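# Reading the structure
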2 protein chains.
Amino acid sequence: MNDLEIRPAAPEDIPAIVALLADDPLGARRETPDDLAPYTEAFERLAADPNQHLVVAVRDQRVVGTLQLTVIPGLSRRGATRSVIEAVRVHAEERGSGLGTRLITWAIDASRSEGCHLVQLTSDVSRSDAHRFYERLGFTASHVGFKLSI
Amino acid sequence: MNDLEIRPAAPEDIPAIVALLADDPLGARRETPDDLAPYTEAFERLAADPNQHLVVAVRDQRVVGTLQLTVIPGLSRRGATRSVIEAVRVHAEERGSGLGTRLITWAIDASRSEGCHLVQLTSDVSRSDAHRFYERLGFTASHVGFKLSI
C-alpha cells in the first residue's frame, strides 16, 4: 500500500466524506449522499470555526477515512481544554489496515498540540468492536453518553 | 424562594463557579479553588469563542448553579449542528429544588435557538442519580463515553 496522508478536508472532499458517513449501519439511515446541499452548508460552518478540525485520510488520491476534532476550552479540571472526536469513519476496504489507529493517533497528537489535557468521544452502545478498539488505544469507558434529538 | 436568573457568566463569577465545581465527589479531587489563575485564563478562552456559552444560575445575588454549552457544527446527520453540555453543577442547598431541570431546559432551549438538532452530554458511570435525571428529561443513554487523559 502507498503512503497515507491525513490532511484538513477541502470542499472537494465533501462527496467522499458523505459516502463514508453513509456506508455504515447507523449512518445509512441518517445520511443523504444524493443531496449534498446541507453538507456543503455545514462545511462552511466548520471552516469558519478555528476550534473545528475536519480531516481526511487520503491514499492513492482517494479519501479512505475521516474524523472531526473539536477543541473545547472550559473551567473544570483546573481550566483544562479538552477535545472531542466525532464522526470517525474508515473505508470498508481499509478496515484492519491500522488506519483507524492512525486517525485516532493523529487526533491525540493534534489535541496535545492544541493544549488539550483530555480527549473524549462517545460511541453508540451497539458498536462493541469500536469499544474494544478505543480501549486498546488507552481510552477508558468511564462515562455514559446521553443524546436528545430536538 | 425568590426568582432565579440564568445568565452568561462574568469574570466576577469565577470564584463561585470554581467553588461549585469543587463541591462534588469527583470535582473535589480535580479542582483548586485556592488557585484561581488557571480558571481565569480558561475563562478568557471561553469568552473568545462564540460557540461557548458558560452560564450561571443566580438566586438572591448568589451563584447557585452553572453549566457550559458548546455548539458544534458537523457533517454527519445531514450536516446537523449539535450541542454538548458540560460541567453541570447545582449548589448543595438547591438540590431537589428543580434547578437542575431549569438549567438543562435552558440548555435545550438555547441549543434550539442556535439551530442544533441534537443535544448530548456524558455523565460519569458513578453518577446514577444524574443518569435517572437525564432520562426523565428525555435523554437516551445510547452511547458509551470514552476519555483519555493526555
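Above this text you will find the structure in question.
Residues numbered from 1 in each chain as written. Chains lettered and ligands numbered in written order. Predicted model: local features only at pLDDT ≥ 70, side-chain atom pairs only at ≥ 80, totals over all residues. Heavy atoms only, no water.

## Some details on the overall build of chain A
- The number of helices and strands found in chain A is five helices and six strands.
- Going residue by residue from the N terminus, the α and β elements of chain A occur as β-α-α-β-β-α-β-α-β-α-β.
- Rg of the C-alpha trace for chain A: 15 Å, near the compact-globule value of 15 Å for 150 residues, within the 12% margin.
- Each principal axis of the C-alpha atoms in chain A carries an extent, and together these give about 45 × 35 × 30 Å.
- Within chain A, the fraction of its 150 residues that count as buried is 53%.
- Considering only residue pairs separated by 6 or more positions, chain A has 58% of its internal contacts joining residues 24 or more positions apart.
- Surface accessibility of chain A: about 6900 Å² in total, with carbon and sulfur atoms responsible for 49%. (Helix = DSSP H or I, 4+ residues; strand = E, 2+ residues; numbered from the N terminus. Rg over C-alpha atoms; globule rule 2.2 N^0.38 Å. Buried < 20%, exposed > 50% of the residue type's maximum accessible area, 1.4 Å probe, protein only. Contact = heavy atoms within 4.5 Å. Areas by Shrake-Rupley, 256 points an atom, 1.4 Å probe, with all protein chains shown as cover.)

## Some remarks on the relation of the copies chain B and chain A
- Screw-axis analysis of chain B against chain A gives a translation of 0.0 Å along the axis, an RMSD of 0.0 Å, and a rotation angle of 180°. What we have between these two chains is a two-fold relation.
- A symmetric contact is evident, with 100% of the interface residues of chain B recurring at the interface of chain A. (Least-squares fit on C-alpha atoms with pLDDT ≥ 70 in both.)

## Notes on helix 4 (residues 99-113) of chain A
Residue and element names in this part refer to chain A.
- The terminal C-alpha atoms of helix 4 lie 21 Å apart, and with 15 residues this matches the ideal 21 Å at 1.5 Å per residue to within 8%.
- Where helix 4 is concerned, the buried positions are Leu99, Gly100, Leu103, Ile104, Ala107, Ile108, Ala110 and Ser111.
- Downstream of helix 4 by a residue or two, Gly115 has a phi angle that is positive, lying close to 85°. (Expected span 1.5 Å × (residues − 1).)

## Some details on empty space enclosed by the protein
- Under the criterion given, the structure shown has four cavities of 30 Å³ or more.
- Each pocket or cavity is described by its volume, and for the largest cavity that value is around 110 Å³.
- Contributing to the lining of the largest cavity are 15 residues, with Val84(A), Gln120(A), Thr122(A), Gln120(B) and Thr122(B) lying nearest its centre.
- Looking at the lining of the largest cavity, the elements that each hand over two or more residues are strand 4 (81-90), strand 5 (116-124) and strand 6 (140-149) of chain A together with strand 4 (81-90), strand 5 (116-124) and strand 6 (140-149) of chain B. (1 Å grid on protein atoms, 1.4 Å probe; cavity = no way out; pocket = protein on both sides within 12 Å on 5 of 7 lines; lining within 4 Å. Points joined across faces, edges and corners; volume = space filled by probe spheres on them.)

## Points about the interface of chain B and chain A
- On the chain A side, the residues contacting the 60 residues of chain B number 60 residues.
- Taken over both partners, the interface formed by chain B and chain A buries close to 5800 Å², and the fraction arising from carbon and sulfur atoms is 60%.
- When the buried area of chain B at its contact with chain A is split by residue, Leu75(B), Phe146(B) and Ile150(B) rank highest and sum to 17% of it.
- The interface formed by chain B and chain A contains four salt bridges. (Buried area = accessible area lost by both parts, 1.4 Å probe. Salt bridge = Lys/Arg side-chain N within 4 Å of Asp/Glu carboxyl O.)

## A closer look at the sheet that holds strand 1 (residues 4-8) of chain B
- Ordered by their spatial adjacency, 12 strands build an open sheet running 1(A)-2(A)-3(A)-4(A)-5(A)-6(B)-6(A)-5(B)-4(B)-3(B)-2(B)-1(B), and the pairing between neighbours is mixed. In this open sheet, the two edge strands, each paired with only one partner strand, are strand 1 (4-8) of chain A together with strand 1 of chain B. If you compare each strand with its neighbour and ignore which way they point, the axes differ by 30° on average.
- By the bridge criterion, five bridges tie strand 1 of chain B to strand 2 (residues 52-59) of chain B in an arrangement that is antiparallel. Across the sheet, Glu5(B) pairs through a bridge with Val58(B), a residue of strand 2 of chain B.
- Lying on the sheet, helix 1 (residues 14-22) of chain B is in contact with strand 2, strand 3 (62-72) and strand 4 of chain B; it crosses strand 3 of chain B at an angle near 85°.
- Along the sheet, helix 5 (residues 128-136) of chain B contacts strand 6 of chain A together with strand 4, strand 5 and strand 6 of chain B; its crossing angle with strand 5 of chain B, the most-contacted strand, is approximately 165°. (Pairing = 2+ DSSP bridges. Axes fitted to C-alpha atoms, helices over the stretch in contact; angles between N-to-C directions.)

## Let's talk about the environment of Cys116(B)
- Of note, Cys116(B) is situated in strand 5.
- Judged by its relative accessible area of 3%, Cys116(B) falls in the buried class.
- Remark: the alpha-carbon pair of Cys116(B) and Glu86(B), spanning 30 residues in sequence, is separated by 16 Å.
- Those residues in contact with Cys116(B), other than ones at most four positions away along the chain, are Ile150(A), Val71(B), Thr81(B), Arg82(B), Ser83(B) and Ser111(B).

## Some thoughts on the side chain of Ser142(A)
- Its location among the elements puts Ser142(A) in strand 6.
- There is a polar contact of 2.7 Å between the side chain of Ser142(A) and the side chain of His143(A).
- Sequence-distant contacts of Ser142(A), defined by excluding residues within four places in its chain, comprise Ser123(B), Asp124(B), Val125(B), Gly145(B) and Lys147(B). (Polar contact = N/O pair within 3.5 Å; in protein donor to acceptor, adjacent residues only side chain to side chain.)

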